[in-house]
Amino acid sequence: MSRRTSRPTGSGAPSAGASPGRTAPDSPCPCGLPATYADCCGRYHSGAAAAPTCEALMRSRYAAFVVQDAAYLLRTWHPDTRPPGVDFDPAMRWTGLEILETTDGSAFHTTGTVTFRARYADGGRPDALHEKSRFVRHEGAWVYAAAVFVD
């Protein structure tokens, strides 16, 4: 999820039904893994832990779009490509994330990619963002660097 503008990577609502920006710690995590928000992406958003892989960072960034956590998105964006801000579109709701492929991006790598499909509804119309995101290590942590839009 790469764009700083609201289309198509603006805001959304957790697929579990919570309101944007107000995901309860015991709600299912919006990233789709079988864990609560607090035990999954919430710990990355709060700064209690760092994403250990580029896939974990991708999932946490998707969840950050869902809960509209602009600070986390900017913090996990490489400084060379980081925009000045993130816009959230109130008409957009993120509805699901599907990881299609991950290459490299483990504790033993310095780069990695994640190809994914993020589903959303824009003004009630369903659509999807298909992207291959590139991640790199910056000052020891995984950060989002760039993307190629597949569709």
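Reference entry: report on the structure contained in this document.

1. Remarks on the nonpolar core
Membership of the largest hydrophobic core comes to 34 residues, with the highest contact counts inside it found for Cys41, Met58, Tyr62, Trp94, Leu97, Phe116 and Phe135. Elements with a contribution of two residues or more to this core: α1 (41–46), α2 (54–67), α3 (70–75), β1 (92–104), β2 (111–122), β3 (125–138) and β4 (141–149). Ranked by the residues each element gives to this core, the list is headed by α2, at ten residues. When near neighbours in sequence (up to four residues on either side) are disregarded, cysteine 41 contacts Cys29, Cys31, Arg59, Ser60 and Ala63.

2. Structural notes on the environment of glutamine 68
Within the secondary structure, glutamine 68 is located in the loop between α2 and α3. Sequence separation of glutamine 68 and aspartate 89 is 21 residues, and the distance between their C-alpha atoms is 9.9 Å.

3. Quick look at α2
For α2, built from 14 residues, the straight-helix expectation of 20 Å at 1.5 Å per residue is met to within 8% by its first-to-last C-alpha distance of 20 Å. Along α2, 13 of the 14 residues are buried, which leaves the element largely enclosed by surrounding structure. Directly beyond the C-terminal end of α2, a positive phi value near 60 degrees is found at glutamine 68.

4. Section: the state of the cysteines
Formally, a disulfide is one covalent bond, and it connects the sulfur atom of one cysteine to the sulfur atom of another. Summed over the entire model, instances satisfying the criterion amount to zero disulfides. Cysteine 29 carries a free sulfur, and the closest cysteine sulfur to it, the one in cysteine 41, is 3.6 Å from it. On the basis of relative accessible area, cysteine 29 is assigned to the buried category, the value being 4%. Left unpaired, cysteine 40 is separated from the closest cysteine sulfur, that of cysteine 31, by 3.6 Å.

5. Observations regarding the pattern of salt bridges
With the rule as written, the count across this model stands at three salt bridges. For arginine 117, the salt bridge is made with glutamate 98, and the minimal N-O distance between the two is 3.5 Å. Note that arginine 117 is positioned in strand β2 and glutamate 98 in strand β1, a separation of 19 residues in sequence. You can call glutamate 98 partly exposed: its relative accessible area is 33%. A salt bridge links glutamate 98 to arginine 119; the nearest nitrogen and oxygen atoms lie 3.5 Å apart. One end of the pair, glutamate 98, is in strand β1; the other, arginine 119, is in strand β2, and 21 residues separate them in sequence.

6. Focus: the sheet that holds β4
The four strands lie next to each other as β1-β2-β3-β4, forming an open sheet whose pairing is antiparallel. One side of each edge strand has no neighbouring strand; the edge strands of this open sheet are β1 and β4. Ignoring which end each strand starts from, the neighbouring axes of this sheet average 30 degrees apart. One ladder, built from twelve bridges, connects β2 with β3; its direction is antiparallel. In the strand pairing of β3, alanine 118 is matched with leucine 129. In this fold α2 packs onto β1, β2, β3 and β4, with an angle of close to 170 degrees to the strand it touches most, β1.

Reading the values: the criteria
Residues numbered from 1 in each chain as written. Predicted model: local features only at pLDDT ≥ 70, side-chain atom pairs only at ≥ 80, totals over all residues. Heavy atoms only, no water. Core = buried A, V, L, I, M, F, W, Y, C linked by side-chain atoms within 4.5 Å. Buried < 20%, exposed > 50% of the residue type's maximum accessible area, 1.4 Å probe, protein only. Helix = DSSP H or I, 4+ residues; strand = E, 2+ residues; numbered from the N terminus. Contact = heavy atoms within 4.5 Å. Expected span 1.5 Å × (residues − 1). Disulfide = S-S within 2.5 Å. Salt bridge = Lys/Arg side-chain N within 4 Å of Asp/Glu carboxyl O. Pairing = 2+ DSSP bridges. Axes fitted to C-alpha atoms, helices over the stretch in contact; angles between N-to-C directions.

By themselves, these observations are geometric and do not establish any function.
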